[in-house]
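The primary structure of each chain is shown beneath.
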Amino acid sequence: GDRKMVYSAHVGAPSGAPSVEAVVCCGRKDPQVAAFGHGGVFVEGAFFYKPRPKARDRYENERRFLELICCSCESGEPLRAFVPNFYGEVERDGAWFFKMDDLLHAFSLRGRHIADLKMGLRTFAESEAQSAKPRADLFERMERMEERLGSSVLTDAERASRSMTKARWMALRDSLSSTSALGFRIDALLTPRAHLTAFDSRLFHTRARADVIAALRSFFPRRGECEGGSHPRQAAAALLARVRELRGALTRSAVFSRHELIGTTLLLVADETCRAGAWMIDFGVTREAPAPLQHDVPWVPGNREDGYLLGLASLTEMLQELVAADEWD
């Protein structure tokens, strides 16, 4: 069939709901289904199955982090309510999958609003910053993005060779977006009105704070879309409360303090009933650090800091402004 995907998530009681992981493959044409990630995932009953990462390091990183959180449940790991329920690996038709809860059904299919936020001051590992391998595919992608940007970011040497390194690609992506300045960026938005990704919309160069707030506001339902007398401010307030709870959990988590989180997603979900939630996903580049990290200081090569809490602080401030806003469309 026509296999496409959407993120899968679940909103439960803020104090201890099971969480999330990304993407459900529907195997059918559906206007609500949008490609937000990697293919090959599928849903079966109450579970969804995510293909095991092909790269050995990404597979080991993600599995190890999920097991750390899930196996720490009995000892009171604070992040347990903010990461996926993980049931190990299963084989289907010769392929291996991570088995997790399918939880998106808690939201209305018709009025679903989803945002993919890449968290932290950088989206590349320190080892990737040393990569010198030229890649034509990344040059071509940046060349297309440069056309939409309306200004030149590629160097003469990159144009001459028609290639660029992955390190250069990722550093440009971070600097063109709000990653380097605000500690997070919006990589994709899916609402009943639009589906935007970083590579086919303005999101890849949404960097100014006011523009990021405007993009974040577009994630929420409009007043006319809300049901049962609800108001979009309710969704913003619910999300603000959830993000504050997440910060508290992060600051109490020994697992978080010991890990460098690179390229992780904070998945935001809401619907026309103005329920909302947020969960941490995508741990393929999450590695254990040699010493505890602060997560709220700038990165310099060698310190392994990711700036996750700086991004969360920026997001919190923006949500506070939206909750206090006088006017909603």
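Our subject in this report is the structure included herewith. Just so it is clear, the structure is predicted and the values come from calculations on it, not from any experiment.

### Some words on the overall build of the chain
Part 1 of the reasoning: Scanning the chain for helices and strands turns up 9 helices and 15 strands.
Part 2 of the reasoning: The buried share of the chain, reckoned over its 329 residues, is 55%.
Part 3 of the reasoning: Considering only intrachain contacts with a sequence separation of at least 6, the fraction spanning at least 24 residues in the chain is 74%.
Part 4 of the reasoning: Per element, the accessible surface of the chain, about 14300 Å² overall, is 51% carbon and sulfur.

### Observations regarding unusual backbone geometry
Part 1 of the reasoning: Of note in this structure, Asp 93 is not a glycine but carries a positive phi near 55 degrees.
Part 2 of the reasoning: Take Asp 93: it is sitting in the loop between strand S5 (86-92) and strand S6 (95-101).
Part 3 of the reasoning: A relative accessible area of 87% places Asp 93 in the exposed class.
Part 4 of the reasoning: Even without glycine at this site, His 295 takes up a positive phi of about 70 degrees.
Part 5 of the reasoning: With respect to the helices and strands, His 295 occurs in the loop between strand S15 (287-288) and helix H9 (308-324).
Part 6 of the reasoning: Residue classification places His 295 among the buried residues on the basis of a relative accessible area of 1%.

### Some words on the packing of helix H7 (residues 232-252) against H9
Part 1 of the reasoning: Between H7 and H9, the shortest axis-to-axis distance is 9 Å and the interhelical angle comes to 155 degrees. As summarised for this structure, H7 and H9 are arranged roughly antiparallel, according to the angle between their axes. Of the two elements, H7 crosses H9, and the hand of that crossing is left-handed. Between H7 and H9, the residues in contact are Arg 233, Ala 236, Ala 237, Leu 239, Leu 240, Val 243, Arg 244, Leu 246, Arg 247, Leu 250 and Thr 251 and Tyr 308, Leu 309, Leu 312, Leu 315, Thr 316, Leu 319, Gln 320 and Val 323, respectively.
Part 2 of the reasoning: For the contact of H7 with H9, the per-class residue count stands at 13 nonpolar, 3 polar and 3 charged.

### Observations concerning the sheet that holds strand S3 (residues 42-44)
Part 1 of the reasoning: Read across the open sheet, the 4 strands follow the order S3-S4-S6-S5; overall the sheet is antiparallel. Each having just a single partner strand, S3 and S5 make up the two edges of the open sheet. Recorded for the sheet is a direction-independent mean angle of 35 degrees between the axes of neighbouring strands.
Part 2 of the reasoning: Against the sheet, helix H1 (residues 56-71) makes contact with strand S4 (47-51), S5 and S6, and its axis sits at roughly 140 degrees relative to S5, the strand it touches most.

### Some remarks on the packing of aromatic side chains
Part 1 of the reasoning: Tallied over the full model, the rule gives 9 aromatic pairs.
Part 2 of the reasoning: Between Phe 219 and Phe 220, the aromatic rings sit 4.9 Å apart at their centres with planes inclined by 65 degrees, giving edge-to-face as the arrangement.
Part 3 of the reasoning: Residue class for Phe 220 comes out buried when judged on its relative accessible area of 1%.
Part 4 of the reasoning: Measuring from ring centre to ring centre gives 5.8 Å for Phe 256 and Tyr 308, while their planes differ by 75 degrees; the resulting arrangement is edge-to-face. Placement of Phe 256 in helix H8 (residues 254-257) and of Tyr 308 in helix H9 is noted, with a sequence separation of 52 residues between them. For the pair shown, Phe 256 and Tyr 308 are each scored as buried.
Part 5 of the reasoning: In this structure an aromatic cluster arises from ring pairing among Phe 42, Tyr 49 and Phe 97.
Part 6 of the reasoning: Looking at Arg 92, its charged tip hangs above the ring of Tyr 49, at a distance of 5.0 Å from the centre.
Part 7 of the reasoning: In this structure, Lys 99 packs its charged tip against the face of Phe 47, placed 4.2 Å from the ring centre.

### Digging into the pairing of S5
Part 1 of the reasoning: The sheet contact formed by S5 and S6 spans 5 bridges and is antiparallel. Bridged to Phe 86 within S6 is Met 100.
Part 2 of the reasoning: Where S5 folds back onto S6 in an antiparallel hairpin, the turn is made up of 2 residues, including Asp 93, whose phi is positive at roughly 55 degrees.

### Thoughts on the nonpolar core
Part 1 of the reasoning: Ranked by internal contacts, the top residues of the largest apolar core, which has 57 residues, are Leu 266 and Met 280.
Part 2 of the reasoning: The contacts of Leu 266, once residues within four sequence positions are left out, are Ala 115, Asp 116, Leu 117, Met 119, Leu 246, Ala 278, Trp 279, Met 280, Tyr 308, Leu 312 and Leu 315.
Part 3 of the reasoning: Of all hydrophobic cores here, the second largest spans 14 residues; its members include Phe 139, Met 145, Leu 172 and Leu 176.

### Some details on the pattern of salt bridges
Part 1 of the reasoning: Taken as a whole and assessed by the stated rule, the structure comprises 24 salt bridges.
Part 2 of the reasoning: Here Glu 89 makes a salt bridge to Arg 63, at a shortest N to O gap of 2.0 Å. Placement of the pair is Glu 89 in strand S5 and Arg 63 in helix H1, with a sequence separation of 26 residues.
Part 3 of the reasoning: Salt-bridge contacts for Glu 225 lead to Arg 193; the nearest nitrogen and oxygen are separated by 2.7 Å. Placement of Glu 225 in the loop between helix H6 (209-219) and H7 and of Arg 193 in the loop between strand S10 (184-190) and strand S11 (195-197) is noted, with a sequence separation of 32 residues between them.
Part 4 of the reasoning: In this structure Glu 225 comes out as partly exposed when scored by relative accessible area, which is 23%.
Part 5 of the reasoning: A residue is classified by how much of its surface remains accessible, and Arg 193, at 31% relative accessible area, is partly exposed.

Criteria and cut-off values
Every chain's residues receive numbers from 1 upward, in the order its sequence appears when written. For this predicted model, a pLDDT threshold of at least 70 governs which residues receive local features, and a threshold of 80 or more governs which side-chain atom pairs are given and counted, while totals over whole chains, interfaces and linings are taken from all residues. Side-chain metrics rest on all non-hydrogen atoms present in the structure, leaving aside hydrogens and water. By the criteria applied, helices consist of DSSP H or I runs no shorter than four residues and strands consist of E runs no shorter than two, each listed in order from the N terminus. Three exposure classes are used, based on accessible area relative to the maximum for each residue type with a 1.4 Å probe and protein chains only: buried under 20%, partly exposed in between, and exposed over 50%. Throughout, a residue-residue contact means that at least one pair of heavy atoms, one from each residue, lies within 4.5 Å. Calculation of accessible area relied on Shrake-Rupley with a 1.4 Å probe; when residues are assessed, cover is drawn exclusively from the protein chains displayed. Between N-to-C directions, angles cover 0 to 180 degrees, with each direction set by a line fitted to C-alpha atoms, over the stretch in contact for helices. Orientation is classified from the angle alone, with under 35 degrees giving roughly parallel, over 145 giving roughly antiparallel, 65 to 115 giving roughly perpendicular, and any other angle giving oblique. Less than a right angle of anticlockwise turn of the near helix away from the far helix marks a crossing as left-handed, whereas a clockwise turn marks it as right-handed. Gly falls in the polar group here, along with every residue not listed as nonpolar (Ala, Val, Leu, Ile, Met, Phe, Trp, Tyr, Cys, Pro) or charged (Asp, Glu, Lys, Arg). DSSP-based pairing: two strands are paired if at least 2 bridges between them are found. In this analysis, rings of Phe, Tyr and Trp, with Trp reduced to its six-membered ring, are considered paired at centre separations within 6.5 Å, and the interplanar angle assigns stacked below 30 degrees, edge-to-face beyond 60, and tilted for intermediate values. By the criterion adopted, a ring carries a charge over it if an Arg CZ or a Lys NZ lies within 6 Å of its centre and within 35 degrees of its normal. Joining through side-chain atoms within 4.5 Å is the link that ties buried Ala, Val, Leu, Ile, Met, Phe, Trp, Tyr and Cys residues into a set, and such a set is a nonpolar core. When a carboxyl oxygen of Asp or Glu lies within 4 Å of a side-chain nitrogen of Lys or Arg, that pair is called a salt bridge.

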